[in-house]
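# Architecture and fold: a report
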Amino acid sequence: MEKDRISFLKECQNAVKVSRDTLYKILRDNEDTEYGRKYNFAGITDLDDYRKLPITDYEDYKDSVKRMIAGEENILTSYRMEYFLTSSGITKQKLIPITDKGLTNGFDVFYNVALPDDKEWEGAKHLHTSMVRTDKTQKQTFLSNTHFWNVRETNPGFFDKFVGGEEFMFSNEIADSWYVKLWLALSEPELKSIYSIYQYDILLLFQYFKEHWREILRDMENKSIPEEVHISCTMKEKLLKRPLPERDWFIFVRKECEKGFEGIGKRIWKNLCMINGIGGQVFGTQGQILRSFLGDVKIHYFAYASSEAPIGIALGEEDDSYVYIPHSCFLEFVDVEDEKQSVRWIDEVEVGKKYEILVTNLSGFYRYRLQDVVEVTGFYGQSPMMRFAFRKNQAVNIAGEKTNLSMIADAVRECVVFFQEDITEHSVCIDETVMPNRYCFFLEGKYKNAKEDYGRFLDASLSEKNNDYEDLLQLGQIAPCVCIHVEDGSHAAWKTKLGMKGHSKPLQFSDAMDFHKFMMERERKVETKK
């Protein structure tokens, strides 16, 4: 790990050349593809030539991706196609191709570079909150699955550092994963760190602990898992075969839980020194709640990645800035504050300014709009450090599901037709007053059915449209949605509050901190059918 870290840091010192070499290699390797011939990759000799290529979005690749799924080759890329990643875009669900090179270049540094490598960590035990599917035959899957499959094949023994090892990381059984992961955590008094994809996953683990500590401590002491715990017989057998600490440990844990859960992480696991997962300022109150559980445990913000490319890694604790990985992809930066929308190279960006990212990746996308806006916070050598700021066109996102507003609108439309109601306006926000968080729909108009009926229908509809939402709902990482019928004029009142005058688009989604409270105060009682 230390060797990889030193190599990466040297690469950052020469990031301008490394990133441009990456671009030129992509162009040379793909000049005989259909896309490469269309845009004369062979004739591109410098960055000015490359800038003449069109800026693209998913619509520019949609038809080509369909052909690639059907088995055609050398359309967008000459590299070997591995998977098509499901990614919910702003307007519709997308399938993002990922090649063998796209799967390794950049992702190779996530764990070998970003995390500490010192003698204190040798032989230490860590917990990973993820549960990864083992079925690799499905070529349309999630980025996290492909990443961990690749790590499993290329780095044997990597998962040995985690409590329970591979057998508790890889499973096709979507069940009560929090019960399993908490059991594993409580079986290891010397736990050193907790890993996750998103920090939100760790928050849910602690919330589950807070709500179910009596039951799981009882089960562990009795070495028995009751039938009402929804995990497979195989998983129960695996858990019960694991060695457990002495009885004094459980007495200690119970006493600490009885004191309350403020700082419970450090109070129970004395050696716990770090949690690791994607997070940052954009996660708002979720991060504040998580810190209340952790005590003085440090937070590492892991990595900045999308289905299209691994972009950056966090090098230090308590810093949600990500250092660009020069060999992973080629980046351009569109100045969002410039009326001309000028495009900058990595050596032209300015600290403190916000830019939309364009990415040229190793899987067939060129000058592609990620729709992500980042703020440049500094440089490591020549490599920009950036903090995620916002999405240009927002999607609803609690735990990585990224439900786009088209899915939301279609689900509400289907709900209205099914119940034969007259809903004139709708909106949705993330309800952070409950754990796990949930989607909260506000409906305005004439209606006669109970809001519970709407909620069940919308959950089913969104699950059909977004596989990520369905999985996270089943895993308990998202709570079932709730529908609130509000008084006529509630949405207009919110717009007035914001100072929106004249004609404006319908309000579909709000992430304003006081939106939920504002609308809840306007809840209207519904007379249900008898």
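To be clear, the structure that these remarks concern was listed above.
Residues numbered from 1 in each chain as written. Predicted model: local features only at pLDDT ≥ 70, side-chain atom pairs only at ≥ 80, totals over all residues. Heavy atoms only, no water.

### Structural notes on the overall build of the chain
Along the backbone of the chain there are 19 helices and 18 strands. Computed over its C-alpha atoms, the radius of gyration of the chain comes to 24 Å, within 12% of the 24 Å expected for a compact globule of 530 residues. The dimensions of the chain, computed from C-alpha atoms along their principal axes, are 70 × 65 × 45 Å. Taking all contacts inside the chain whose residues are at least 6 apart in sequence as the whole, residues at least 24 apart take part in 67%. Accessible surface, the chain: about 23600 Å² in total, of which carbon and sulfur atoms supply 48%. Taking the average place of the 71 positive charges on the side chains of the chain and the average place of its 86 negative ones, the gap between the two points comes to 1 Å. (Helix = DSSP H or I, 4+ residues; strand = E, 2+ residues; numbered from the N terminus. Rg over C-alpha atoms; globule rule 2.2 N^0.38 Å. Contact = heavy atoms within 4.5 Å. Areas by Shrake-Rupley, 256 points an atom, 1.4 Å probe, with all protein chains shown as cover. Lys, Arg positive; Asp, Glu negative; His and termini not counted. Charge placed at Lys NZ, Arg CZ, Asp CG, Glu CD.)

### So, the nonpolar core
Phe 206, Phe 209, Trp 269, Tyr 439 and Phe 441 are the most contacted members of the largest nonpolar core, which totals 152 residues. Per element, the largest residue contribution to this core is twelve residues, and it comes from helix α10 (residues 199-222). Sequence-distant contacts of Trp 269, defined by excluding residues within four places in its chain, comprise Ala 185, Leu 186, Glu 188, Pro 189, Leu 191, Phe 206, Phe 209 and Trp 249. Cys 429, Cys 440, Trp 494 and Leu 507 belong to the second-largest nonpolar core, a separate cluster that totals eleven residues. (Core = buried A, V, L, I, M, F, W, Y, C linked by side-chain atoms within 4.5 Å. Buried < 20%, exposed > 50% of the residue type's maximum accessible area, 1.4 Å probe, protein only.)

### Considering the environment of Pro 245
Position of Pro 245 among the secondary structure elements: in the loop between α11 (233-241) and α12 (247-258). Looking at Pro 245, the relative accessible area reads 19%, which means it is buried. Along the sequence, Pro 245 and Ser 187 sit 58 residues apart, while their C-alpha atoms lie 6.2 Å from each other. Apart from residues no more than four positions distant in its own chain, Pro 245 is found in contact with Leu 186, Ser 187, Pro 189 and Phe 250.

### Some points on the sheet that holds strand β3 (residues 126-128)
Strand order in the open sheet made by the four strands is β3-β5-β6-β7, with parallel pairing throughout. The open sheet has two edge strands, β3 and β7 (298-300), and neither has a second partner. This sheet shows a mean twist of 20° between the axes of neighbouring strands, independent of strand direction. As paired strands, β3 and strand β5 (residues 193-198) are joined by three bridges and run parallel to one another. Counted as the bridge partner of His 128 is Tyr 195 from β5. (Pairing = 2+ DSSP bridges. Axes fitted to C-alpha atoms, helices over the stretch in contact; angles between N-to-C directions.)

### Some remarks on the sheet that holds strand β14 (residues 368-380)
Across the sheet, eight strands lie side by side as β8-β9-β10-β15-β14-β13-β11-β12; this open sheet has antiparallel pairing. For this open sheet the edge positions go to β8 (303-305) and β12 (343-344), each flanked by a neighbour on one side alone. Inspection of the sheet shows β14 paired to strand β15 (residues 383-391) by eight bridges, in the antiparallel sense. Each bridged residue has a counterpart across the sheet, and for Glu 375 the counterpart in β15 is Arg 387.

### What to know about the packing of aromatic side chains
Taken as a whole and judged by the stated rule, the model has 35 aromatic pairs. Relative to Phe 41, the ring of Tyr 35 lies with its centre 6.1 Å away and its plane at 65°, an arrangement referred to as edge-to-face. For the pair Tyr 35 and Phe 41, one class covers both residues: buried. Summarising the aromatic geometry, the rings of Phe 159 and Phe 170 are spaced 5.1 Å apart at their centres and angled 90° between planes, so their arrangement reads as edge-to-face. Remark: Phe 170 occurs in the loop between α8 (143-154) and α9 (177-186) and Phe 159 occurs in the loop between α8 and α9; sequence separation between them is eleven residues. Judged on exposure class, the residue Phe 159 and its partner Phe 170 are both buried. Ring-pair connections join several aromatic residues into one group, and the members of that group are Tyr 35, Tyr 39, Phe 41, Tyr 61, Phe 365, Tyr 366 and Tyr 368. Positioned over the ring face of Phe 518 is Arg 522, at 3.6 Å from the centre of the ring. (Phe/Tyr/Trp six-rings, centres within 6.5 Å; stacked < 30°, edge-to-face > 60°. Lys NZ or Arg CZ within 6 Å of the ring centre and 35° of its normal.)

### Remarks on the pattern of salt bridges
All chains considered together, the criterion is met by 31 salt bridges. Between Glu 318 and Arg 291 there is a salt bridge, with the nearest N and O atoms lying 2.6 Å from each other. Placement of the pair is Glu 318 in the loop between β9 (310-313) and β10 (322-324) and Arg 291 in helix α14 (residues 285-294), with a sequence separation of 27 residues. Glu 521 is the partner of Arg 522 in a salt bridge, and the nearest nitrogen-oxygen pair spans 3.8 Å. A single salt-bridge network, built from bridges that share partners, covers Asp 335, Arg 344, Glu 350 and Lys 353. (Salt bridge = Lys/Arg side-chain N within 4 Å of Asp/Glu carboxyl O.)

### Overview of unusual backbone geometry
Residue Pro 436 follows Met 435 across a cis peptide bond; omega there is -5°. Among the secondary structure elements, Pro 436 is positioned in the loop between β16 (422-431) and β17 (438-446). Here the phi dihedral of Asn 40 falls at roughly 55°; this positive angle occurs in a residue that is not glycine. Summarising the element assignment, Asn 40 is placed in the loop between α3 (34-38) and α4 (47-50). Despite not being glycine, Glu 318 shows a phi value in the positive range, around 60°.

### A look at the side chain of Asp 468
Tracing the backbone shows Asp 468 in helix α17 (residues 467-475). The buried category is assigned to Asp 468, whose relative accessible area is 13%. Once you skip the residues sitting within four places of it in the chain, Asp 468 turns out to touch Thr 86, Phe 142, Gly 400 and Glu 401.

### Remarks on the pairing of strand β11 (residues 330-335)
Strand residues, when the strand is regular, have side chains that alternate between the two faces of the sheet. Most of β11 sits inside the fold, with six of its six residues counted as buried. Neither face of β11 is left uncovered, since the one carrying Phe 330, Glu 332 and Val 334 and the one carrying Leu 331, Phe 333 and Asp 335 both have all their residues buried. Note: β11 against strand β13 (residues 354-360), six bridges, orientation antiparallel. In the sheet register, Val 334 faces β13, and the bridge partner there is Glu 356.

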